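Geometric and topological summary
Listed below are the residues making up each chain.
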Amino acid sequence: MSAVDTGSITTLPASHGEIPRKDMRVIWLLLVAAFVAILNETTMGIAIPHLNTDLGIPPELGQWLTSAFMLTNAPALLG
């Protein structure tokens, strides 16, 4: 198998459509991160009524807090 030089990164071409092992690790890491982010957002959605009661805030503010939480967690998923 011959190496392909792309400047600073040298990669080996995948044979028969196989994904290189290093790339598979990244894909799995992104899948797990996406699952955790969705799980976090789901638990926050379920927690809205409890937040409203415990903090004594109206439902609209509880929804805004949840949206802010999701927006602050988005860079973690994208980064």
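The structure displayed is predicted, hence computed values, not measured ones. (Residues numbered from 1 in each chain as written. Predicted model: local features only at pLDDT ≥ 70, side-chain atom pairs only at ≥ 80, totals over all residues. Heavy atoms only, no water.)

So, the overall build of the protein chain
Broken down by element type, the protein chain carries 2 helices and 2 strands. Beginning at the N terminus, the succession of helices and strands in the protein chain can be written as β-β-α-α. Counting all 79 residues of the protein chain, 9% fall into the buried class. Counted over contacts in the protein chain with a minimum sequence separation of 6, partners at least 24 positions apart contribute 20%. Counting every atom, the protein chain has about 6,500 Å² of accessible surface; 69% of that belongs to carbon and sulfur. (Helix = DSSP H or I, 4+ residues; strand = E, 2+ residues; numbered from the N terminus. Buried < 20%, exposed > 50% of the residue type's maximum accessible area, 1.4 Å probe, protein only. Contact = heavy atoms within 4.5 Å. Areas by Shrake-Rupley, 256 points an atom, 1.4 Å probe, with all protein chains shown as cover.)

Examining a nonpolar patch on the surface
Where nonpolar side chains cluster on the molecular surface, the patch consists of Ile19, Ile27, Trp28 and Leu31 and spans about 420 Å² of accessible area. Mapped onto the fold, Ile27 is located in helix α1 (residues 21-55). Overall, the relative accessible area of 36% leaves Ile27 in the partly exposed class. (Patch = residues over 30% accessible without salt bridge, like charges linked within 9 Å, V, L, I, M, F, W, Y side chains within 5 Å. Salt bridge = Lys/Arg side-chain N within 4 Å of Asp/Glu carboxyl O.)

A look at the confidence of the model for the protein chain
Do not read the predicted coordinates in detail wherever pLDDT is low. Confidence in the prediction for the protein chain averages 80 pLDDT; 77% of positions are at 70 or higher. Within the protein chain, strand β1 (residues 4-5) has the poorest average pLDDT of any element, 58, and α1 the best, 87. (pLDDT = per-residue confidence, 0-100.)

Comments concerning the environment of Pro59
Locating Pro59 in the fold gives a position in helix α2 (residues 59-78). The exposed category is assigned to Pro59, whose relative accessible area is 52%. For the pair Pro59 and Ile48, spaced 11 residues apart in sequence, the C-alpha separation works out to 7.6 Å.

Section: α1
Side chains that are three or four residues apart share a direction in an α-helix, a result of its 3.6 residues per turn. With 35 residues, α1 extends 48 Å from end C-alpha to end C-alpha; this agrees with the ideal 51 Å at 1.5 Å per step. Within α1, the full set of buried residues consists of Ala37, Met44, Ile48 and Asn52. Just downstream of α1, Gly56 is the residue with a positive phi angle, here 65 degrees. (Expected span 1.5 Å × (residues − 1).)

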